[in-house]
Amino acid sequence: MSLHTSDLVLVPGQQLPPLETISGFQVRPGFFRFFGATVIPGGVNFTIQSHGATSCELLLFHKGEEEPFAVLPFPEHYKIGFVYSMIVFGFDIEEYEYAYRLDGPYDEKQGLRFDPAKILLDPYARSVTGQSHWGCVNHASHGYRARVTHNNFDWGDSRHAQIPMEDLIIYELHVRGFTQDSSSGVKCPGTFRGLEEKIPYLKELGINAVELMPIFEFDEMRNARLIDENQLIDYWGYNPVSFFSPNSSYASKKEENNEGTELKHLIRTLHANGIDVILDVVFNHTAEGNELGPCFSFKGFDNNIYYMLTPDGYYYNFSGCGNTLNCNHPVVRELILDCLRYWVTDYRVDGFRFDLASILGRNEDGSPMSQPPLLQSLAFDPILGNVKLIAEAWDAGGLYQVGSFPSWRRWAEWNGRYRDDMRRFLKGDDGLHETALKRILGSPDLYNPQYRGGNASVNFLTCHDGFTLCDLYSYNQKHNEANGWNNTDGCDDNHSWNCGEEGETSNPEILRLRLKMMQNACALLMCSRGTPMFLSGDEFADTRFGNNNPYCQDNEISWLDWSLLSKNQALFAFFQYMIAFRKQHPGIREKGEPGTNGGPRGDLLVEVNVSRHPIFQRQDMHIFSTVPISFAQAALGGDVKIQTVDGAVIYNVKPGTKTDTKVRLKGKGVPSLRNSAVRGDHYVTLVIQTPEKLSAEAKEALRRFDELSGNSLHQNDSNPEKSEKKTKRKGFMDKVKEAFEGEE
């Protein structure tokens, strides 16, 4: 595990003496495990790695200058293995920027693209220069440079008890788009500070987690286009330039050498208000593109390591963005682990949603792996132990793993099946009642609790991809013409319904129907087992005018129109009500793993009529039962509670009780017998702790026992089928005993 600026306790408190001078700077070999640029007493430690490079140079720039004022080649003895490390004394972090140049073989068919003329950004850079002004074009020959940052944010005694996954209500938002429109009314629109100004609104709504679309540094102007006099840019930010750097243009003011301060303040304030922070992270590709794309970082360090390449040196494109990060190569795997640990320790992030996460499970040749090393490492990493890991379990290469994503009982998934099935169910498609029931119950057909735990499904009907909730019931087809691709981009299977008229309408009947449909969607989402997530603005019917792929629209198409909040107060109030309703009813979000009947793990709940059911015996004016003891033995030491329907425990069968022990039921909820008959119908509930693993025969026996118990309720003695059912039950109970007593 490599070390970072947060590990300064490992750096000597006194300045080390320089050993030599290179290009006018006093230097010495550095700390080889401190990747990136780390401030130490008297200077800065610079460390990078490259397996294929033959030489490396550190370039120092005055702020904003095109050419380096100093070039410091790494001597051979400043290299251990494939790691170059140098301490530069007298480095003024407030005046200098830095980058690298590497030399080595160039052979495209072998995937080697070393070029000593390329200025390369440090893969571990904590800040990227020239990106602090949104919409400014970086000079093509400039490349990207890094800035050394202070790590001195004071978290004080701030504490945040992370919210359990089943209790989360996730609100997905774009930092810029959330407040950029003037209708937001904030002082610092389109920034981290602007989002912080809206925290009172988030609390009023009732959500308790925000999922921020990409906030890693990206260059929104890299692929800028002009379509019909509208400038289209990389607005969403799914083309990362640097994994360790926050997007500096999201800060309301320049933070030179303190980049990330405003974001940290936002996170601390969100935590103080009981709101988790989840980052949408992109580790499936970078902004370097394919063989025709730029070379500004990873290509120049070790192209054949950082990217998946075909045998003839071309880039696999499972991301749909030109290249695919080689996530399960040990070097890349360690980079991703280091990055996530950094965001957790230095920014106190609560969770991550992984874009196109199926790529993270592909081998170096692109083939899917059954147990990908990266996903397993993330699942068991000690620093990430309490962090939410959420996978978008598919990629652009056709690998669809919803319900089968490798998880180690740690990973949750965006449940794309929930979205598609429930959209169809809500608009009235035939034959979906059973499927809808499964989705509402947490999709047990997809997420076997034995292997996935009880919190694997993140349920959603809308997200940044696709229609908003308002558009879902306003448009039958997408309307992406403004994106410049002749309406060919974006998905076509939206399962939407315009309720009778395409787009905007003044028809009051259609408007009432659309409101009802949005309320239906909200109610089902909030009453479904699993973690609910919805798109910001859905609560007041924000629209993108039918554009289901506005990744390039930095304008009113994407920006939230806050004036709709007052216009659509009824919908907002309904969202508030349903969010509060979910919080007030723990049965909806029931913690734990579903058991054999859908209850908590290990709890089989069977309601029986003590006056009618054959498992109960009458003797000496009291009611007895011996069968529950067998259940206790079968549960490998588990308890069996017998309780009344109002929850009062009548008897608790202790582990180890002999199977022939009689349980005497007398007292609260079960009267004594008079004249050898119980007057009236009385019910008790058996709460049976089952083992984690039941044989198929035992599971079937329990299911039938539950079924027959229900069928016997209120059975009348005059029922002509009584004797036949008694015979069936007797034979069934023998099977139950055999199944449990024979199970190991």
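Everything in this summary refers to the structure shown in the same document. None of the values given here were measured: they were computed from a predicted structure.

1. Regarding the overall build of the protein chain
Thinking step 1. If you tally the helices and strands in the protein chain, you get 17 helices and 30 strands.
Thinking step 2. Of the contacts made within the protein chain by residues no fewer than 6 positions apart, 72% connect residues no fewer than 24 positions apart.
Thinking step 3. Only carbon and sulfur atoms are counted for the fraction: they give 49% of the accessible area of the protein chain, which is about 30,500 Å².

2. Some details on helix α6 (residues 330–347)
Thinking step 1. The end-to-end C-alpha distance of α6 is 25 Å, a good match for the 26 Å that 18 residues give at a rise of 1.5 Å each.
Thinking step 2. Arginine 348 occupies a position one or two residues after α6 and carries a positive phi of about 60 degrees.

3. Section: the packing of aromatic side chains
Thinking step 1. One pass over the full model with this rule turns up 48 aromatic pairs.
Thinking step 2. Residue placement shows lysine 264 over the ring face of tyrosine 347; its charged tip is 4.8 Å from the ring centre.
Thinking step 3. For the cation-ring pair, arginine 353 lies above tryptophan 414, with the distance from its terminal atom to the ring centre recorded as 4.0 Å.

4. Some thoughts on the pairing of strand β21 (residues 411–414)
Thinking step 1. With burial as the criterion, each face of β21 is covered, one bearing Trp411 and Glu413 and the other bearing Ala412 and Trp414.
Thinking step 2. Looking at chain direction, strand β20 (residues 388–391) and β21 are connected through 3 bridges and run parallel. What sits directly across from alanine 391, in β21, is glutamate 413.
Thinking step 3. Where β21 and strand β22 (residues 457–460) come together, 2 bridges link them in parallel fashion. Of the residues in β22, the one forming a bridge with glutamate 413 is serine 457.

5. Section: the side chain of serine 242
Thinking step 1. By secondary structure assignment, the location of serine 242 is in strand β17 (residues 240–246).
Thinking step 2. For serine 242, a relative accessible area of 2% puts it in the buried group.
Thinking step 3. Of the polar contacts made by the side chain of serine 242, one reaches the backbone oxygen of alanine 125; its length is 3.4 Å.
Thinking step 4. The residues contacting serine 242, other than those within four sequence positions of it, are Leu121, Ala125, Val128, Phe216 and Glu217.

6. Some words on the nonpolar core
Thinking step 1. Trp343 and Phe354 are the most contacted members of the largest nonpolar core, which totals 171 residues.
Thinking step 2. For this core, the leading source of residues is α6, giving 11 residues.
Thinking step 3. Leave out the neighbours within four places in its chain, and phenylalanine 354 touches Val281, Phe283, Leu340, Leu360, Leu378, Leu389, Ile390, Ala391, Glu392 and Trp411.

7. Observations concerning the pairing of strand β5 (residues 55–62)
Thinking step 1. Where β5 meets strand β9 (residues 96–103), 8 bridges bridge the pair, whose relative direction is antiparallel. When the sheet's bridge partners are listed, phenylalanine 61 is paired in β9 with glutamate 97.
Thinking step 2. The pairing of β5 with strand β6 (residues 70–73) spans 4 bridges and is antiparallel. Looking across to β6, one finds that leucine 60 is bridged to alanine 70.

8. Here we look at the sheet that holds β9
Thinking step 1. Read across the open sheet, the 3 strands follow the order β6-β5-β9; overall the sheet is antiparallel. The sheet terminates laterally at β6 and β9, the two strands that pair on one side only. Neighbour-to-neighbour, the strand axes of this sheet turn through a mean angle of 25 degrees, independent of strand direction.

9. What to know about the pattern of salt bridges
Thinking step 1. Here the structure, examined in full by the defined rule, presents 28 salt bridges.
Thinking step 2. As a salt-bridge pair, aspartate 167 and arginine 589 come within 2.6 Å of each other at their nearest N and O atoms. A residue pair is termed long-range when its members are at least 10 positions apart, and aspartate 167 in the loop between β11 (112–113) and β12 (170–173) and arginine 589 in the loop between α14 (569–584) and β24 (603–609) qualify at 422 residues.
Thinking step 3. Relative accessible area serves as the criterion here: at 26%, aspartate 167 is assigned to the partly exposed category.
Thinking step 4. Here arginine 589 falls in the buried class, since its relative accessible area comes to 15%.
Thinking step 5. Across the pair aspartate 355 and arginine 353 runs a salt bridge, and its minimum N-O distance is 3.2 Å. This pair shows no difference in class: aspartate 355 is buried, exactly as arginine 353 is.
Thinking step 6. Linked through salt bridges whose partners overlap, the residues forming this network are Lys63, Glu97, Arg145, Arg147, Lys254, Glu256 and Glu259.

10. Considering the sheet that holds β21
Thinking step 1. Taking strand neighbours around the barrel as the criterion, the 8 strands line up as β12-β13-β18-β19-β20-β21-β22-β23 in a closed arrangement whose pairing is parallel. Adjacent strand axes in the sheet meet at a mean angle of 25 degrees when their direction is disregarded.
Thinking step 2. Where β12 lies against strand β23 (residues 531–535), 3 bridges are found, and the strand directions are parallel. Looking across to β23, one finds that isoleucine 170 is bridged to methionine 533.
Thinking step 3. Helix α12 (residues 508–526) rests against β22 and β23 of the sheet, and its axis sits at about 150 degrees to β23.

11. What about unusual backbone geometry?
Thinking step 1. Of note in the backbone geometry, arginine 409 takes a positive phi value of approximately 60 degrees without being a glycine.
Thinking step 2. Along the chain, the position of arginine 409 falls in the loop between β20 and β21.
Thinking step 3. Arginine 409 sits in the partly exposed class, given a relative accessible area of 36%.
Thinking step 4. Within the chain, histidine 495 stands out as a residue other than glycine whose phi angle is a positive 50 degrees.
Thinking step 5. Residue position: histidine 495 is located in the loop between α11 (469–472) and α12.
Thinking step 6. Its relative accessible area of 24% is what places histidine 495 among the partly exposed residues.

Conventions used here
Residues numbered from 1 in each chain as written. Predicted model: local features only at pLDDT ≥ 70, side-chain atom pairs only at ≥ 80, totals over all residues. Heavy atoms only, no water. Helix = DSSP H or I, 4+ residues; strand = E, 2+ residues; numbered from the N terminus. Contact = heavy atoms within 4.5 Å. Areas by Shrake-Rupley, 256 points an atom, 1.4 Å probe, with all protein chains shown as cover. Expected span 1.5 Å × (residues − 1). Phe/Tyr/Trp six-rings, centres within 6.5 Å; stacked < 30°, edge-to-face > 60°. Lys NZ or Arg CZ within 6 Å of the ring centre and 35° of its normal. Buried < 20%, exposed > 50% of the residue type's maximum accessible area, 1.4 Å probe, protein only. Pairing = 2+ DSSP bridges. Polar contact = N/O pair within 3.5 Å; in protein donor to acceptor, adjacent residues only side chain to side chain. Core = buried A, V, L, I, M, F, W, Y, C linked by side-chain atoms within 4.5 Å. Axes fitted to C-alpha atoms, helices over the stretch in contact; angles between N-to-C directions. Salt bridge = Lys/Arg side-chain N within 4 Å of Asp/Glu carboxyl O.

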